[in-house]
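Letter by letter, the chains look like this.
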Amino acid sequence: MEGKSIFTRNRSVPIFIGLLALFTLGVTILSEGYGTGALSVSFTKVLGMTLCLCLAALAMDLVWGYCGILSLGHFAFFGLGGYMIGMWLMTARTEAVVRANLAGNVIPPTEAEVSTATALQIFSVVGAEDWPWMWAVSDSLVLSLLLVVLIPGLLALVFGWLAFRSRVTGVYLSILTQAMTLALSLYLFQNDTGLRGNNGLSGLQNIPGAEGIGQDRISIWFFWASALALGIAYIGAAWVVSGKFGNIVRAIRDDEQRVRFLGYRVEGYKLFVFTLTAVICGIAGALYYPQAGIINPDEIAPIASIYLAVWVAIGGRGRLYGAVIGAAVVSLLSTYFTGGRAPDIDLGIYTIEWVDWWPVLLGLGFVLVTLFAPKGLGGLVDLIVRKDKA
Amino acid sequence: MSTLLEVQGISVTFDGFRAINNLSFTIGQPEMRAVIGPNGAGKTTFMDIVTGKTRPDEGSVRWGEMGHSLLSMSEAQIAQAGVGRKFQRPTVFEDQTVWDNLRIALKKPRGPFSSLLDRVSAEDRTRIDEIATEIGLAHHLQRQAGVLSHGQKQWLEIGMLLAQDPRLLLVDEPAAGMTTEERNHTTDLLKRLARNHAVVVVEHDMEFVRRLDCKVTVLHEGSVLAEGTLDHVMADERVIEVYLGR
């Protein structure tokens with residue numbers, strides 16, 4: 001059990017990585033950019049985005065399924081990651097457009113003029129024309145990528161430190177995290193906060209430096225990046241929960257006071273897991289929104305974080321792959337039912353429009369899973385494995 | 001024998017109920033002490049105060065040769081300083097194996113990063129095997145703690161206490177749910193530990209206490225009623241009145 005690699009210690013790791021690699025290969029072969037074209041660009045993006053949601057769900061499983069912290073605010077970190085990379089994408093893209101427009105001028109524009117014109121272009125929609133302070137590093141890809149990790153991490157660190165040292169647990173902590181994501185969302189809705197209020201950041205699918213390359217290729221690049229991130233995170237998460245750290249974290253979930261009497265500072269462990277998972281969510285968001293093309297404050301409304309918990313509950317807590325299955329199944333079904341793909345059912349006196357009825361279906365599914373399969377969809381794997389052994 | 005724990009004049013009130021009333025208690029290392037008393041005498045509250053779970057309204061709790069106050073330390077810090085506790089109701093991590101339970105109790109650095117990078121050394125393995133043999137769970141190491149019998153859980157918790165290697169052991173009703181043979185084994189183990197540790201045993205079973213053959217402290221309504229050998233305190237008029245109900 002010890003001294004072996006994570007691939008042999010946790011059997012789900014090689015299986016998961018193998019399936020993910022097969023899936024990536026399959027999508028690539030069927031993609032428009034590099035294969036037969038059976039999968040449309042937009043559907044490739046949906047699949048890539050789904051992988052990012054699976055990544056966020058994996059983080060949710062670490063913090064909730066393993067450490068017992070029912071955070072209902074982790075989507076705030078996801079959104080923040082998106083905003084951080086979005087600032088760079090928008091700045092670089094808009095600047096390129098501005099430069100192209102000014103290129104026809106007799107006198108070449110100065111850098112200051114380009115900067116002013118870019119700011120005007122981005123912020124005129126909220127009646128501003130200057131760069132807000134938080135865009136200070138938006139011209140640097142490296143620094144923006146750093147912020148993707150730092151900002152969600154720092155917010156989680158400060159929030160977690162305040163909450164855990166006061167020993168806020170259980171439903172009170174859940175409510176507090178809901179308040180956090182709601183406050184952040186409401187704050188970002190303001191026009192004068194510097195992130196374009198309810199307009200959000202848009203045009204994120206246009207990747208600077210890749211102007212000549214079509215979305216058919218870019219979509220598959222992001223799909224690859226998302227798959228890679230999910231694969232690495234899965235191995236990392238399996239490693240974190242496999243050793244003594246994993247034992248302690250699960251012990252904290254089951255009886256944190258007992259863990260204190262063993263001499264462990266429970267707060268430090270919770271803070272570590274909370275912050276680590278916030279960073280994973282930030283990275284997932286930074287990969288998601290360039291595929292979505294747009295981010296606005298509605299994305300981090302409290303309901304988004306609740307959905308994250310629902311995915312993990314439906315998929316099955318405390319088994320990593322359960323969270324991934326839950327996120328993939330539910331979010332793909334959600335896309336199917338709310339994206340106009342599902343045919344409406346005409347009952348004569350009433351027409352079931354799935355856009356309206358999907359939440360009801362999801363709620364029903366949640367209740368059914370809770371009642372009849374408390375281990376979630378991932379629990380079905382137990383049945384297979386057990387048959388295997390018998 | 002030097003003083004390890006010195007509790008001076010502590011009192012604590014819960015909603016007007018005085019659970020501990022001007023209680024003083026001293027134990028050295030090595031020493032064995034049995035604490036007896038009727039329900040509600042404050043035995044568990046006393047342990048809660050020493051381990052940092054409950055803060056007293058007044059009084060002092062001093063620890064070790066330097067006389068550090070335990071009152072300003074967190075539960076985790078107190079445990080790290082060398083206070084180990086076995087609960088009345090066995091509290092083991094049922095979702096994990098016996099081996100894992102012993103591993104997290106093992107005396108090693110307690111920080112998140114040390115735990116993340118912790119490797120099981122040959123020394124750790126030997127220690128866990130020794131403890132498992134001592135507590136009779138050597139053949140159950142890979143079983144989930146949740147499927148153990150009540151007595152085995154008691155033993156596992158005692159094993160976790162051994163793995164922690166504390167200087168002071170607070171043991172709350174160790175013999176509950178054990179067979180006579182197991183009780184004898186427990187007394188032997190506790191007596192052996194008391195050769196170089198400080199051991200406080202809370203117990204209702206007088207036969208068990210007698211076999212421990214140590215100084216006895218009788219608690220009543222949150223303070224010390226009598227102290228001395230078992231025969232001495234049993235002969236005390238007030239003890240007979242409140243404890244033996246005559």
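## So, the sheet that holds strand S7 (residues 168-172) of chain B
Residues and elements named next belong to chain B.
Inference 1: The sheet built from 6 strands is open, its strands ordered S6-S7-S8-S3-S9-S10 with mixed pairing. Every other strand in the sheet has two partners, leaving strand S6 (83-86) and strand S10 (223-228) as the edge strands with one partner each. Neighbouring strand axes in the sheet, compared pairwise and without regard to direction, differ in orientation by 20° on average.
Inference 2: The strands that helix H1 (residues 43-50) touches are strand S3 (31-36), S6, S7, strand S8 (198-202) and strand S9 (215-220); relative to S7, the one it contacts most, it runs at about 150°.

## So, the environment of Lys43(B)
Residue and element names in this part refer to chain B.
Inference 1: Note that Lys43 resides in helix H1.
Inference 2: For the pair formed by Lys43 and Ser149, sequence separation is 106 residues and the distance between their alpha carbons is 26 Å.
Inference 3: Once you skip the residues sitting within four places of it in the chain, Lys43 turns out to touch Val35, Ile36, Gly37, Pro38, Val202, His204 and Leu219.
Inference 4: A polar contact is formed between the side chain of Lys43 and the backbone oxygen of Pro38, at a distance of 3.3 Å.

## Points about the layout of surface pockets
Residues and elements named next belong to chain A.
Inference 1: Quantified by volume, the second largest pocket comes out at close to 710 Å³.
Inference 2: As for the second largest pocket, its lining consists of 26 residues, of which Leu53, Tyr288, Glu299, Ser334 and Thr335 are closest to the centre.
Inference 3: Breaking the lining of the second largest pocket down by element, the ones donating at least two residues are helix H3 (41-66), helix H4 (74-102), helix H10 (266-292), helix H11 (302-315), helix H12 (321-338) and helix H13 (354-372).
Inference 4: Of all the elements, H3 adds the most residues to the lining of the second largest pocket, at 6 residues.
Inference 5: Here the residues of the lining of the second largest pocket sort into 16 nonpolar, 7 polar and 3 charged.

## Re the domain arrangement of chain B
All names here are of chain B.
Inference 1: As assigned here, chain B comprises domain 1 (1-82 + 166-246) and domain 2 (91-165).
Inference 2: Computed over C-alpha atoms, the centres of domain 1 and domain 2 are 25 Å apart.
Inference 3: Each partner contributes residues to the interface: domain 1 has 18 residues there, and domain 2 has 11 residues.
Inference 4: Buried area between domain 1 and domain 2, summed over both chains or domains, comes out near 1200 Å², and the portion from carbon and sulfur atoms is 64%.
Inference 5: For the pair domain 1 and domain 2, the interface holds 1 salt bridge.
Inference 6: The salt bridge partner of Arg192 is Glu134, with a shortest N-O separation of 2.9 Å.

## Structural notes on the pattern of salt bridges
Inference 1: Under the counting rule described, the total for this entry stands at 25 salt bridges over all chains.
Inference 2: The partner of Glu267(A) in a salt bridge is Arg167(A), and the shortest N-O contact between them spans 3.4 Å. Of this pair, Glu267(A) sits in helix H10 while Arg167(A) sits in the loop between helix H6 (141-165) and helix H7 (170-189), and the two are 100 residues apart along the sequence.
Inference 3: Using a relative accessible area of 15% as the deciding quantity, one classes Glu267(A) as buried.
Inference 4: With a relative accessible area of 35%, Arg167(A) lands in the partly exposed category.
Inference 5: A salt bridge links Glu256(A) to Arg260(A); its shortest N-O distance comes to 2.9 Å. Residue Glu256(A) and its partner Arg260(A) are both found in helix H9 (residues 244-261); the two are separated by 4 residues, about one turn of the helix. You'll find Glu256(A) and Arg260(A) in the same group, each marked buried.
Inference 6: Linked through salt bridges whose partners overlap, the residues forming this network are Arg167(A), Glu256(A), Arg260(A), Glu267(A), Lys270(A) and Glu75(B).

## Quick look at the side chain of Arg260(A)
Inference 1: Relative accessible area serves as the criterion here: at 3%, Arg260(A) is assigned to the buried category.
Inference 2: At 2.7 Å, the side chain of Arg260(A) forms a polar contact with the side chain of Glu267(A).

## Section: the confidence of the model for chain B
Inference 1: When pLDDT is averaged across chain B, the result is 92; 98% of the residues are at 70 or more.
Inference 2: Scoring the predicted complex yields pTM 0.93 and, for the interface, ipTM 0.92.

## Re the pairing of S6(B)
Residue and element names in this part refer to chain B.
Inference 1: Along S6, one buried face is formed by Val83 and Arg85 and the opposite face, lined by Gly84 and Lys86, is buried too.
Inference 2: Here S6 runs beside S7; their pairing, made up of 4 bridges, is parallel. Looking at S7, one finds that Gly84 is bridged to Leu169.

Cut-offs applied
- Residues numbered from 1 in each chain as written.
- Chains lettered and ligands numbered in written order.
- Predicted model: local features only at pLDDT ≥ 70, side-chain atom pairs only at ≥ 80, totals over all residues.
- Heavy atoms only, no water.
- Pairing = 2+ DSSP bridges.
- Helix = DSSP H or I, 4+ residues; strand = E, 2+ residues; numbered from the N terminus.
- Axes fitted to C-alpha atoms, helices over the stretch in contact; angles between N-to-C directions.
- Contact = heavy atoms within 4.5 Å.
- Polar contact = N/O pair within 3.5 Å; in protein donor to acceptor, adjacent residues only side chain to side chain.
- 1 Å grid on protein atoms, 1.4 Å probe; cavity = no way out; pocket = protein on both sides within 12 Å on 5 of 7 lines; lining within 4 Å.
- Points joined across faces, edges and corners; volume = space filled by probe spheres on them.
- Nonpolar A, V, L, I, M, F, W, Y, C, P; charged D, E, K, R; others polar.
- Domains from an automatic or database assignment.
- Buried area = accessible area lost by both parts, 1.4 Å probe.
- Salt bridge = Lys/Arg side-chain N within 4 Å of Asp/Glu carboxyl O.
- Buried < 20%, exposed > 50% of the residue type's maximum accessible area, 1.4 Å probe, protein only.
- pLDDT = per-residue confidence, 0-100.

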